[in-house]
Amino acid sequence: MLTLKKIIAELDFIAKSLTKRGYNEDDIKDLLHELISHDKKRKSNQQANDDLKSKMKDFSGQIGKLYKEGRQNEASKLKAEVVVLKEKIKTYDENDKELKSKIDDILLSIPNAPHNSVPHGKNEEDNEVVKDWTDPLPNLAGDALPHWELAKKYNLIDFELGAFITGSGFPLFRNKGAKLKRALINFFLDEAEKAGYEEIRPPLMVNEASAMATGQLPDKEGQMYYMEKDDLYLIPTGEVPITNIYRDVILNENDFPQKVTAYTPCFRREAGSYGSDVKGLNRVHQFDKVEIVQISHPDESYKLLDQMVSHVENLLIKLELPYRILRLCGGDLGFTSALTYDFEVYSAGQKKWLEVSSVSNFESFQSNRLKLRFKDSNGKIHLAHTLNGSALALARVVAAILENFQTPEGIVVPKVLRDYLNFEIIN
RNA sequence: GGAGGGGUGGCAGAGCGGUUGAAUGCACUGGUCUUGAAAACCAGCGUACUCGCAAGGGUACCGAGGGUUCGAAUCCCUCCUCCUCCGCCA
C-alpha cells in the first residue's frame, strides 16, 4: 500500500495519477483528505494517551517504593489514582485502534499510483504498444493447426485426461510435450542464472501474512485456491513466496540489488473466464512459470525494470518467437503496480497474441506491506523497491512454439532448446 | 498424531513480579595508542509511532494475541513456531 507520508507529501500527484485507473480526481482527493484527517486525530489521540501512560508508569514506580518503605496508606492512595488513569487510557486505546483500522481500510483500498509514463485507459485495448513486431509473421500453410490439435496429433498434451484426474484447466503433458516443458524450464532458469539471479525452490503454499504482503490479499481473494483446513493459499505466482523472503527485513544499502529466481507451478482459479480465451493452453488453472524478482534501491528501480524487460525480450529472441511489448494503461494495470510491461507472443496457429510475461515495478507499494527496508549510509531507514517479471510463463510459450514451428514433417523445436532435448523434431 | 523441552537485541546468553529497553560476551562503528595493522583501552551500537527547527523527550515492543496486577520479559490462557523422543509415511 501507499504510505501515509507519501500521500501527504504528494497528494496532488497521486490523485491525478489515479485518474489513469479511472478514479474521479475529486473523489479520490476527498478520500485522501479523509485519510489525513483520521491520521491527525490519531496523532493527537496518541499524544494524550502517551502522556497518561507516562504518568501511570511513574506512579507505579512510586507505589513500589512506598511499599518497600512500608508506607501502605500513601501507596493505596496512589493506587486509586492509577485505577482512574487506567480507565482513561482504555478509552484512548480504543480510539487508537478504531482510527488505525479506519486508516488501514482506506489505505488498503487505494491501488498504487501509476508512473508518469502510464497511459490513461480502461482496458487492454488502451495499452500502448512500445515495441511492435515489424518483421513478417510466420506464414503457415492453409492447413496449419492450433496447438490443441497439434497436441492431440502428436500426443503431447492430454486435456481430457487432466480433466478426468482433476478438472478442466489442468492439462496433462506427456512424452515430448513433457520434455519440451522441462527443457523450457531449464533454459529459463539457466538464463536467469547467467543474469545473476539466485535460484531457489520455494514452498508452493503460503500463509495469509505472505499473501497479504505481496498484495494478493485482500484484492485477489477469489483468484487463489484456499486450503481452509490449514489456512493456506496455493500460490498464484512465484512472486509471492520469493518476495516474502524479504518480509520484515532491513537490508544494507550496499546489498542492492537482490536478484532471485524460481521455477514454480502457479495455481489460479480464473473465476469468470470464458469463451475462446480458455481454449487449450490459453488459460489454465495450473501452469509453470519461471519468475524473476529484484529488490532495489529506490533510485535504481526503473533502470532495473528496463534490464528485466531486456532479459525477457532476449528469451523470446532466442526462442525465435514473434513478440511485442506493451505498456499497460491505467485500467489494465495491476493493483500493486506502478508500471507494467506485458509481453505478447504471436501464436500463428490461432492467429492470436498471447500474454507470456508481465514485468512490473511496484516501487515501495509492496515494500510497505512487506516492511522491506534498507539502511542508508547515514543509518536512516527507507523502504526499498520491488520488481518482478515472468521469465517466462510456460503454457502459452508452449502453445506458440507448437503452432509457429509446425511443418508438414512435424514440429521443429527452436535451436536454443536442442541442447536440452534428445530430439529436434516432434512427429 | 503422542510425550517432553525451548522461543529474549546481529549472534550467543542472563534475567523469571517493581528505575530492566533489558546484564555479560562476541560481532559491528568511531576514537586513543601505533610507521601501519593487531592487541589493549574509551565511547557508541534495536525497531515502530509520536512531540520538537534541532539538541533531546514520550510511548510501545523480550514468538503472536488475550488475561491477572497499582506495576509483567517475568504469573495465567489461546495460538504459532523450533528442538528431542515415539508412532505413521514418501
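See the structure printed just above.
Residues numbered from 1 in each chain as written. Chains lettered and ligands numbered in written order. Predicted model: local features only at pLDDT ≥ 70, side-chain atom pairs only at ≥ 80, totals over all residues. Heavy atoms only, no water.

Here's the deal with the protein's contact with RNA strand B
Part 1: The environment of RNA strand B is made up of 19 residues, and the closest members are Arg 42, Gln 46, Gln 47, Ser 60 and Val 82.
Part 2: Sugar plus phosphate, as a fraction of atoms of RNA strand B within 4 Å of the protein: 74%.
Part 3: With respect to RNA strand B, the side chain of Lys 86 contributes an N or O atom lying 2.9 Å from a phosphate oxygen.
Part 4: When residues of the surface near RNA strand B are traced back to their parent elements, those giving at least two are helix H3 (25-68), helix H4 (72-109) and strand S14 (372-375).
Part 5: Partitioning the surface near RNA strand B into residue classes produces four nonpolar, five polar and 10 charged. (Near = heavy atom within 4 Å. Polar contact = N/O pair within 3.5 Å; in protein donor to acceptor, adjacent residues only side chain to side chain. Helix = DSSP H or I, 4+ residues; strand = E, 2+ residues; numbered from the N terminus. Nonpolar A, V, L, I, M, F, W, Y, C, P; charged D, E, K, R; others polar.)

Describing H3
Part 1: If you check H3, its first and last C-alpha atoms are 64 Å apart, about what 44 residues at 1.5 Å a residue would give, namely 64 Å.
Part 2: At the N-terminal end of H3, a side-chain oxygen is found 2.8 Å from the backbone nitrogen of Asp 26, two or three residues along, and the residue is Asn 24.
Part 3: Downstream of H3 by a residue or two, Gly 70 has a phi angle that is positive, lying close to 80°. (Expected span 1.5 Å × (residues − 1).)

Considering the environment of Ala 195
Part 1: Positionally, Ala 195 belongs in the loop between helix H7 (176-194) and strand S4 (198-200).
Part 2: Among the residues examined, Ala 195 registers a relative accessible area of 28% and is labelled partly exposed.
Part 3: Each C-alpha atom, one on Ala 195 and one on Gly 169, is 33 Å from the other, the two residues being 26 residues apart in sequence. (Buried < 20%, exposed > 50% of the residue type's maximum accessible area, 1.4 Å probe, protein only.)

Looking at the sheet that holds strand S1 (residues 128-131)
Part 1: Taken together, eight strands build an open sheet; the order of strands is S1-S11-S12-S13-S16-S10-S9-S4 and the sheet is mixed. If you trace the sheet from one side to the other, it starts and ends with S1 and S4, each paired once. Strand-to-strand twist across the sheet, computed as the mean angle between neighbouring axes with direction ignored, equals 30°.
Part 2: As paired elements, S1 and strand S11 (residues 323-327) share three bridges and run antiparallel to each other. Along S11, the bridge assignment pairs Glu 128 with Arg 327.
Part 3: Together, S4, strand S9 (258-267), strand S10 (286-296) and strand S16 (385-393) form the strand contacts of H7, whose direction differs from that of S10 by roughly 5°.
Part 4: In the packing of helix H10 (residues 301-318) onto the sheet, the strands contacted are S1, S10, S11, strand S12 (339-347), strand S13 (352-363) and S16, and the crossing angle to S16 comes to about 5°. (Pairing = 2+ DSSP bridges. Axes fitted to C-alpha atoms, helices over the stretch in contact; angles between N-to-C directions. Contact = heavy atoms within 4.5 Å.)

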